[in-house]
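Fold and geometry: a report
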Amino acid sequence: MKKLLFILILIPILLPAQKNDEFLHALYDKLHDSPMQQKIREIAPMPFGVVFLPWAGCTEQDMRQHFRMMKRLGFHNLKQTMATPEWSEKEILRIALEEDVIPFWYGEGGWEPITTDLLRKLNIPLSATKEEIRKNPKMLEYQKNVFQKQLADWKKPISDTTLIPYRHEPDAYLRPSDINLFKQWVKNKYQSIDQLVTAWNQYEVGIKKIPYRSWNDFENDKFLFSAPSNDEIIPSSGREYGFVKDVLRFKADMYLKNVKNFVVSNHPEQPVRAGGEMGLFLPFASRAIDMEGIADVMKDRGSFYPSIHLAWHFEEVDYEVTRCVYMQSSLATDWFKGGWAAVWESTGGPQQFSGGKGWDRKGAESTAGFTVDGGTITQMLLSYLAGGLKGVGLWAWNYRRAGWESGEYALLNRQNEPGERAIRAGQIAQAAEKYRDELWAAHKEPYVGVFVNWDNEAIWAACAVPNRTHFKNYPVQARIGISRALINANIPWEHVTPSDLKAGLAMRYKVIYLPAQVAINEDLFPIFEQYVRDGGRLVLDAPGAWWNEQGKVLDTGKGSAFERIFGASIADYQYANNVKPQLANLNLTGFLLDIKPTSADVLQKFNNNAAAVTEHRLDKGSAIILSPDASFSMKNKGNEPMENWVINVIMQDIRKPYECKNAIVYRLGSEMADHYFILNDGSAKNVSLKLNRYKYRHAIDAVTQQKVSISSINIEANGGRWIRCEK
């Protein structure tokens, strides 16, 4: 089997790093390792692609002029194009390739692997650096021929015509065509009828008059409900949460089967992508979609991606942009740790008329309008890089001239000329290309892990019966809330999932925060306990630990796995509505945990003397319970008292590694240099980057290459800076 040259180059770098791997980077990099991911990492593609939209009367010379303009600005590949009555897509892509604009979204990610055999074949010195190899004319010509081969059968249908796609509907209803498939799925999951009866809680009151006694009883169940209406996702008869969760899981697995069967490439070196035209603030479990599962399928095939369009995917956060772009980019990366995540569908320019799906009343009855100037495009692109994404697809280079999206979304202005927005985006693309090897080698170094669990969100969805459909959004809003507090406090963080913990990644985080984890998988308690014993800090807020993963009330009593970790039981769940306890200067309006300490210390009390915060010290670490629904209460802007309170309680003696007062700052760390992305969502200002842990030789603006004093950084209004600090 051929060995990649770049692997040999990296060995001397990796060995010393493993001796002091505080953030478990080596393990992180292995989580989605595969031959495809190894090839991609060694090439280190950083495509900033654009969508070229031809117009009526567009000539070949017009196209060539635009492709040349793209290259001058810093864009070297197309994200895609569209056909017109005058031009086919394939012809447009051919012309782009002739102009040395890679015609595919994946850019150099579609290259054949760079092996020692290939270098010898092309007579390229084995001692050449990565950059020298990539820029060598012989390599460029060879790989251009690879692209021509890919273009020859571009969009060629898959050869296996026997495969039938599953018709996926984003809800917990079973259609007639689902029934037999679902029954087979259930039989594959449960080894016995007793296991199934237990999982669906059939012996509990009000669930089923006569529980299944045999598989024949199960087979005779029709499982049919009336079709949903409006925004319903759960049948009104869906009172048993374990069954509803299994329906959602079944449909999610069938969706994954579609991805496995139909998202395939025609060539072994050619990556494919999956993820989708779905904003990352959607409640995916309620829609029977498993984004982390999709990412896992892409491990062997290419890239996982989200769509991050302002007019489509921000109504859930009241159209807030600056912080919420990073939340989405980070989530995509965090679902695909160690893999190639990128945003292959993103906003190119301002938009007001076209877009938005109207998932909620606001989206249906208000204008999803946005300014996209040089500052906005800077914040978006820097947030993608800071979140760990390695590639961008911008919709679009130029605007459509009629119909849907006409006059919107474009990098170029109405005269098809590059203005501040296009020039700035191109400059950032050039900087990303310059530092691509550093960015691919870089990692987030999170202090806090924000826990995200599909099973928890599925149980929330199971609660979202007709007239209670808002519950499906609750865990997403809580995730947004704690993320907001951490961003505003300049605390490095990332999302962490059950699969990450089971792979051994827990000690990457000094704190793991469980936001609105109303359902906790019982098999996670041993992992949580070991994490705390090893020195971690586990934090739970309301309404956490209500059920287990099958929707059965969780045992938190004396001697339970929960009580052993937290040193307390949950005596009851209350709500700050008709009775409002007082705590510090907080405005409490939601769920409250009635905490009954057993061995935990009470750190704070309400005015009624009830425990508001408890901490249980267990060996080297501790477990904290917050009585309020802290994370959910911070979902919107403006709850600074709660943000400050939460940060003080969960961080305690943990000192931030860096901070930038009055600005947002993200960091990626690499061996040669660290990259800081500083964003400003207010008026122009001068800020100071205070370092509590790191020392550097000097700093420059990665885009302009100008030297920077980190004690005095000027940031434009509603813009950002990318600062590279060399070690």
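What comes next is a walk through the structure. Source: prediction; values computed, not measured. (Residues numbered from 1 in each chain as written. Predicted model: local features only at pLDDT ≥ 70, side-chain atom pairs only at ≥ 80, totals over all residues. Heavy atoms only, no water.)

Some points on the pairing of strand 7 (residues 343-347)
In plain terms, the rule: Relative accessibility thresholds used throughout: buried, under 20% of the residue-type maximum; exposed, over 50%; partly exposed, between the two (1.4 Å probe, protein chains only). The helix and strand labels rest on DSSP assignments: H or I over at least four residues marks a helix, E over at least two residues marks a strand, and numbering proceeds from the N terminus. Pairing between strands requires that DSSP locate at least two bridges from one strand to the other.
With respect to burial, strand 7 is a largely interior element, 5 of its 5 residues being buried. Where strand 5 (residues 307-308) meets strand 7, 2 bridges bridge the pair, whose relative direction is parallel. Of the residues in strand 7, the one forming a bridge with Ile-308 is Ser-346. Where strand 7 and strand 8 (residues 392-395) come together, 3 bridges link them in parallel fashion. Paired with Ser-346 across the bridge in strand 8 is Leu-394.

With respect to the sheet that holds strand 6 (residues 340-341)
Defined as follows: Should any heavy atoms of two residues lie within 4.5 Å, those residues are counted as being in contact. The axes are straight lines fitted to the C-alpha atoms, using for helices just the contacting stretch, and the angles between their N-to-C directions are given from 0 to 180°.
With respect to topology, 3 strands assemble into an open sheet ordered 3-4-6, the strand pairing being parallel. Edge positions in the sheet fall to strand 3 (272-274) and strand 6, since each has one partner strand and no second. Bridge analysis of strand 4 (residues 302-304) against strand 6 gives 2 bridges, and the strand direction is parallel. Note that in strand 6 the partner of Phe-304 across the bridge is Ala-341. On the sheet, helix 13 (residues 291-298) packs against strand 3 and strand 4 and is oriented at approximately 165° with respect to strand 4.

Considering the environment of Ala-285
Within the secondary structure layout, Ala-285 lies in the loop between strand 3 and helix 13. On the basis of relative accessible area, Ala-285 is assigned to the buried category, the value being 0%. Separated by 113 residues in sequence, Ala-285 and Ala-172 have C-alpha atoms that sit 9.7 Å apart. Beyond its immediate stretch of four places on either side in the chain, Ala-285 contacts Leu-248, Trp-454, Glu-457 and Ala-458.

As for the environment of Leu-381
Structurally, Leu-381 is set in helix 17 (residues 374-387). In contact with Leu-381, not counting residues within four places along its chain, are Phe-48, Val-392, Leu-394, Ala-425 and Ile-428.

A look at unusual backbone geometry
The omega torsion of the bond from Trp-395 to Ala-396 falls at 10°, within 30 degrees of zero and hence cis. One can find Ala-396 in the loop between strand 8 and helix 18 (420-434). Note the cis peptide between Ala-542 and Pro-543, where omega equals 0°. Residue position: Pro-543 is located in the loop between strand 12 (537-540) and helix 24 (561-566). If you check the backbone angles, Asn-123 has positive phi at about 60° while not being a glycine. If you trace the backbone, Asn-123 turns up in the loop between helix 6 (116-121) and helix 7 (130-135). Owing to a relative accessible area of 59%, Asn-123 belongs among the exposed residues under this scheme. Unlike most non-glycine residues, Gln-652 shows phi in positive territory, near 50°. With relative accessibility at 33%, the residue Gln-652 sits in the partly exposed group.

Brief notes about the nonpolar core
To keep it simple, the criterion reads: Throughout this description, the term nonpolar core refers to a set of buried Ala, Val, Leu, Ile, Met, Phe, Trp, Tyr and Cys residues connected via side-chain atoms within 4.5 Å.
Judged by nonpolar contacts, the single largest core of 155 residues is most densely connected at Phe-48, Phe-52, Phe-67, Phe-75, Trp-397 and Trp-722. Apart from the residues lying within four places of it in its own chain, the contact partners of Phe-52 are Cys-58, Met-63, His-66, Phe-67, Met-70, Leu-78, Gln-80, Thr-81, Met-82, Ile-92, Trp-397 and Asn-398. Counting residues in each nonpolar core, the second largest holds 76 residues, with Phe-451, Leu-554, Ala-568 and Ala-623 among its members.

Some thoughts on empty space enclosed by the protein
Definition in use: Throughout, the protein atoms alone are placed on a 1 Å grid, and a set of points is a cavity if a 1.4 Å probe fits but cannot get out or a pocket if it is open with protein on both sides within 12 Å along at least five of seven lines; lining residues have an atom within 4 Å of a point. Grid points are joined across faces, edges and corners, and a volume is the space filled by probe spheres set on the points.
Evaluated as defined, the whole model comprises 4 cavities of 30 Å³ or more. Lining the largest cavity are 14 residues, and of these Tyr-326, Pro-492, Trp-493, Tyr-658 and Tyr-666 lie nearest its centre. Looking at the lining of the largest cavity, the elements that each hand over two or more residues are helix 21 (474-488) and strand 19 (664-669). Top contributing element to the lining of the largest cavity by residue count: strand 19, with 3 residues.

Observations concerning the pattern of salt bridges
To keep things clear, this is the line we draw: Think of a salt bridge as a Lys or Arg side-chain nitrogen and an Asp or Glu carboxyl oxygen that are within 4 Å of each other.
The tally for this structure, following the rule as stated, stands at 53 salt bridges. Between Glu-98 and Arg-94 there is a salt bridge, with its nearest N and O atoms 2.6 Å apart. In this pair, Glu-98 and Arg-94 are both assigned in helix 5 (residues 89-98), 4 residues apart and thus about one turn of the helix distant. Using a relative accessible area of 40% as the deciding quantity, one classes Glu-98 as partly exposed. Residue classification places Arg-94 among the partly exposed residues on the basis of a relative accessible area of 29%.

A closer look at the side chain of Asn-416
With respect to the helices and strands, Asn-416 occurs in the loop between strand 8 and helix 18. When near neighbours in sequence (up to four residues on either side) are disregarded, Asn-416 contacts Trp-55, His-66, Met-69, Asn-398, Tyr-399 and Arg-401.

Re the environment of Glu-345
Operational definition: Counted as a polar contact is a pair of N or O atoms within 3.5 Å, where, for protein atoms, one must be capable of donating a hydrogen and the other of accepting one, and residues adjacent in sequence contribute only when both atoms are in side chains.
Locating Glu-345 in the fold gives a position in strand 7. A sequence separation of 68 residues divides Glu-345 from Glu-277, and the C-alpha atoms of the two residues are 7.6 Å apart. Once you skip the residues sitting within four places of it in the chain, Glu-345 turns out to touch Lys-79, Gln-80, Glu-277, Tyr-305, Pro-306, Ser-307, Ile-308, His-309, Gly-393 and Trp-395. A distance of 3.0 Å separates the side chain of Glu-345 from the side chain of His-309, its partner in a polar contact.

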